Number of protein chains: 4
Amino acid sequence: MMIRVAILGATGYTALELLKLLVRHPHVEITALTSRQEGKPPVSQIHPQLHSRLDLPFENLTLAEVTNRADCVFCCLPHGASAEAVGPLVEAGKRVVDFSADYRLTDPAIYQHWYDKEHVDPQRLDQAVYGLPELFRDQLPAAQLVANPGCYPTSANLALAPLLQASLIETDDIIIDSKSGVSGAGRTPSLVTHFPECNENLAAYKVGEHRHTPEIDQTLSNTCGQQVNVVFTPHLVPMTRGILTTAYSRPAGNASADDCMKALQEFYAQQPCVRVVDHLPATRDTVGTNYCDITVRRVGERILTISCLDNLLKGASGMAVQNLNLMHGFDEMTSL
Amino acid sequence: MMIRVAILGATGYTALELLKLLVRHPHVEITALTSRQEGKPPVSQIHPQLHSRLDLPFENLTLAEVTNRADCVFCCLPHGASAEAVGPLVEAGKRVVDFSADYRLTDPAIYQHWYDKEHVDPQRLDQAVYGLPELFRDQLPAAQLVANPGCYPTSANLALAPLLQASLIETDDIIIDSKSGVSGAGRTPSLVTHFPECNENLAAYKVGEHRHTPEIDQTLSNTCGQQVNVVFTPHLVPMTRGILTTAYSRPAGNASADDCMKALQEFYAQQPCVRVVDHLPATRDTVGTNYCDITVRRVGERILTISCLDNLLKGASGMAVQNLNLMHGFDEMTSL
Amino acid sequence: MMIRVAILGATGYTALELLKLLVRHPHVEITALTSRQEGKPPVSQIHPQLHSRLDLPFENLTLAEVTNRADCVFCCLPHGASAEAVGPLVEAGKRVVDFSADYRLTDPAIYQHWYDKEHVDPQRLDQAVYGLPELFRDQLPAAQLVANPGCYPTSANLALAPLLQASLIETDDIIIDSKSGVSGAGRTPSLVTHFPECNENLAAYKVGEHRHTPEIDQTLSNTCGQQVNVVFTPHLVPMTRGILTTAYSRPAGNASADDCMKALQEFYAQQPCVRVVDHLPATRDTVGTNYCDITVRRVGERILTISCLDNLLKGASGMAVQNLNLMHGFDEMTSL
Amino acid sequence: MMIRVAILGATGYTALELLKLLVRHPHVEITALTSRQEGKPPVSQIHPQLHSRLDLPFENLTLAEVTNRADCVFCCLPHGASAEAVGPLVEAGKRVVDFSADYRLTDPAIYQHWYDKEHVDPQRLDQAVYGLPELFRDQLPAAQLVANPGCYPTSANLALAPLLQASLIETDDIIIDSKSGVSGAGRTPSLVTHFPECNENLAAYKVGEHRHTPEIDQTLSNTCGQQVNVVFTPHLVPMTRGILTTAYSRPAGNASADDCMKALQEFYAQQPCVRVVDHLPATRDTVGTNYCDITVRRVGERILTISCLDNLLKGASGMAVQNLNLMHGFDEMTSL
């Protein structure tokens, strides 16, 4: 079986990683790449890594043209723009994996609060599946619209959800200190991501204001059936790829690190993309892969859950391919 | 007035930074550099940065020889070895700034617990001044033995001590998530600090076991008069210099971020090496300087205090020169 | 068809990259990993990246044991040690890909001059095939012993051999200025590769003395039938992976950049691992792949050939798998 | 004696480094910082490193206002814009150090060829002194207008001029392979300097087209009295600061490396900012200083001269302060 795939907004880093995975996917034919580029530049001009591996131009296509060419669409557009494209594609019967935040939050009021704009397609929020396979695997085969999760939420949710579900940690006292490589900021140059500014530098940013906060809260709340409000602090680290999350929570009923490790091992026993490890995980070991590595320690009255992943793979494009595989009944690890 | 200065164990990074500061100090003459190097290699052979700036050999000197040559001794030896050298020097009437942990902890039992060895010079612990000028300025002019603080404790203590002293945060719920550049691990090669291992990598290390923990606990406890036991998690960041500390505490009596900022501004109003800033501090702005930059935010039910400094300067050698200046009545910022 | 593969000296970076390629090779079963490690540590302990991907211990095996377990042996031992292992393996009928320099130079006197020791297995030098498929493809299917080329020589030889063969550049005036990431120095820690020493630093090393020089000279001389003696200068660049070579030569008969580009395009037309590109190549585009990207410019009276590759893949383990594929009649790009 | 100093275009990296030097210069009072910023933002808002060290706003001043406030003006404007500002300042009797290329090339036709625009102030080119103190020291005390040299030319000219002057190398066969950190590209963000693009990456750029080429040719030609046309290839290295230049030339009359080293040592014997070293120089040892480190090797029929410096200090702002000192009769190393 071959799936014809289109990618909307294919100039960014997540699209590049997606393309690198899809060109070696045995069941995928890439049929369209869209962007607002003038002319029809070959993909190798924007992404020289793909030279001789993919011979396709960027095109400024209409949604109708995309509909004609593809069975499945990966949407890498900015939030807002994404919701405008997804509606017509879904209505034309296409399956869509959306990389933006537009379909991640189920409550349009929370979306409006954090994204400063009214949601343009709120009636479709119920229909979207939150594409974190380790938590919502069962919903993927039938999903028509998948909201691909954010990178920080994935690192935090995979670390904490099993412990909340097993009632091993308290729900009302969770601090998430995350550190990310610079590719998480995307491909558009800015002073913050200018090499001499972020090389040899470390800083927190958007403290208390990062838009991934409600996404973490929503998933963790769903997991445990209670409202969770985390304190989330992102930091920018001088490396290209990788996220490390150090989560601090309070043990429930004096749960030990061993109790937590066992809960994680059990939860992920049949999940091929999460490795519960004894050692302290290092982003290096996950970069270039679709793995999330997790461990637990207890320090004083705190449970520390430490997780890491490649923000562009398990935190974005790798997970999108994992979702594609599960949506279409392919082996979950195909091309990963 | 000229002070004759010797440096023991002068091959490491803290010694190099110390030398770079001292060669332009108007009241200092560097008279001896010791190491176990064979021969008498010129300093520029080990530290090429000092080529043409300092013409002095490394020598394998006895403590008696050091005593003859110097008025003030900077001791950059490993812990344990340091305590063996400091005693005779102090008894010979020398003033000593010790970079090791040997005289930082006032309780020899705590030292033994964390350093796995009995303290060889416990009777002198009372005499040592903890050389964090912002907290113990008054004791420095008369100090004969100064224990130069650790890099992580300095970033944490400068961020939290004023808030504890002002009773703006609770004492029993402090989490310190710190991130350090690799030079903090010293100049001895190891797999962990091998470039391909730590470049493009991020990981926590020594979780719950780092020896700077009791040093933070001791200073914060002294500040507020209650026992403080922090959760301290260090991380290794792919950059050479800089420490960023993100400290999470619980506001006392609903203290606001503004309350905390005011307390910090007041506390450091006359202290030239701490800058209380409105923006989120970045290690880049402190590297190469003796500044510690600090700010505060409130997120939900937490006070976040974020501080940064150059681990080799304000976290080690810069502070040592600051201590030297205050010990001898020089302007605090001389050569800094 | 399945090949049973053993790797000798499997703790280093080239072995790790080799393993990452081989675990997804459809015709390879990895059956033995040797090292002098005590005990039988699982591979994931030394290489956490392989956690859950390969379940095999490191073992301190005899050559006889290796012979029993494997059809094909990748030898990642140091030079000298390698020649001692290769002989018995070849005599036992095994096919061997040797990563060391031991079988690269055909003249044992040149080996002795550059490696300061007598060659222990000189009679087998004639039998070894220099495993640069783009130049010696025809010899690989029948090869029993393949000398896997050095990383610098591969970047230089792929850039220059076609131009020499086409008589487009002079043979007596070639300067090769190469720049390499730090992983080229291997996994053993040293001061030179200590993060704070090589991060934010650039330097030339082993000027006029690098052991890859005779390997470049030999291959280029073979290509054009005249003795070539290049000036070769390696530099250490603060990045983990990648080599960029800037080669300066003198045009023969006023050859233009276009003439040279055409010669390269023709030479590599049917070679899947070399991309002749119009733009100035960047190591980033080849890292993680088995490609070598090459372009040509003419500046004044000089032809500049600029090439880049991933030193651990096309410069080592990727090429070794390419060799394996060609030796066994698999598709050249299998698992690459 | 106090000099009132203004900096035009003070938001970039060279201005920041200049400010860090000037705030501790005992004979300088900084009186004006200009930019086209709206409002009058304090310098610490643009350059947080200067927080608490300099209390001055950026202002959008006219040249008349600058003239009133300053005795000496550092002009950090883009080329073209610089020439428009310098004329009026010089005519108002101010002394000017210009960081742009506008007054470096003595021939306006060459300027027009490389900079694609007619020079707006050609009649003043004769009056400008090329501010490389090691070559033109005598002209600086009387200079009213100093053209501060480019970073690449400084690394190349300091390495080669003494050898050309001593007739130790041929004039017609010089290849300059230079490698620079990213801060050389300035503070304006672009895709090329976007962290994920240039981190872990190495590439040549502007091959045969870099505007520093005629500046090198001019200075070297002046040195030896013959027309020199170098082949110059710049590369972008993933580090913030530092330039390393590897220059390949042909020995004249079989000159040895020793002959060349002696010539360099003699030439720089009384020059405090150049260190002729025996070891292979590393950018690390010059970053943060105003030193240029140089050594020589002979490899086959080639002389290799290898030099390095901090592109923002000896390659820009450090040299500008050195020029200021020599123009005003201060000690050459003041504040350096």
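Residues numbered from 1 in each chain as written. Chains lettered and ligands numbered in written order. Predicted model: local features only at pLDDT ≥ 70, side-chain atom pairs only at ≥ 80, totals over all residues. Heavy atoms only, no water.

Asker: How should I be thinking about the interface of chain B and chain D in this particular structure?
Answerer: Interfaces are often sized by the accessible area lost when the parts come together. Counting from both sides, the interface comprises 17 residues of chain B and, opposite them, 17 residues of chain D. The contact between chain B and chain D buries some 1,400 Å² in all, and 48% of this surface belongs to carbon and sulfur atoms. Taken together, chain B and chain D are joined by zero salt bridges. Seen at the junction of chain B and chain D, the total is six residue pairs in polar contact (both at pLDDT 80 or more). Its residues assigned to classes, the side of chain B that touches chain D shows five nonpolar, six polar and six charged. (Contact = heavy atoms within 4.5 Å. Buried area = accessible area lost by both parts, 1.4 Å probe. Salt bridge = Lys/Arg side-chain N within 4 Å of Asp/Glu carboxyl O. Polar contact = N/O pair within 3.5 Å; in protein donor to acceptor, adjacent residues only side chain to side chain. Nonpolar A, V, L, I, M, F, W, Y, C, P; charged D, E, K, R; others polar.)

Asker: Looking at this structure, how should I read the sheet that holds strand 12 (residues 274-276) of chain B?
Answerer: One key point about sheets: their strands pair by backbone hydrogen bonds, in either a parallel or an antiparallel sense. All names here are of chain B. Taken together, seven strands build an open sheet; the order of strands is 9-10-8-11-14-13-12 and the sheet is mixed. Strands at the two margins of the open sheet, each flanked by one partner only, are strand 9 (203-204) and strand 12. The pairing of strand 8 (residues 175-180) with strand 11 (residues 243-249) spans six bridges and is antiparallel. Paired with Asp177 across the bridge in strand 11 is Thr246. (Pairing = 2+ DSSP bridges. Helix = DSSP H or I, 4+ residues; strand = E, 2+ residues; numbered from the N terminus.)

Asker: I tried to follow the interface of chain B and chain A on my own but got confused; where do I start?
Answerer: Taken residue by residue, the interface counts 38 residues in chain B and 38 residues in chain A. In total, about 3,000 Å² of surface goes out of reach between chain B and chain A, with carbon and sulfur atoms giving 63% of it. Contact with chain A buries area across many residues of chain B, yet B:Glu200, B:Leu202 and B:Arg284 alone supply 20% of it, more than any other trio. The tally of links between chain B and chain A comes to eight salt bridges. Here A:Lys179 makes a salt bridge to B:Asp177, at a shortest N to O gap of 3.1 Å. Joining chain B to chain A, the criterion identifies 24 residue pairs in polar contact (both at pLDDT 80 or more). With four residues, the top contributor of residues to the side of chain B that touches chain A is strand 8 of chain B. Broken down by class, the residue content of the side of chain B that touches chain A amounts to 20 nonpolar, seven polar and 11 charged.

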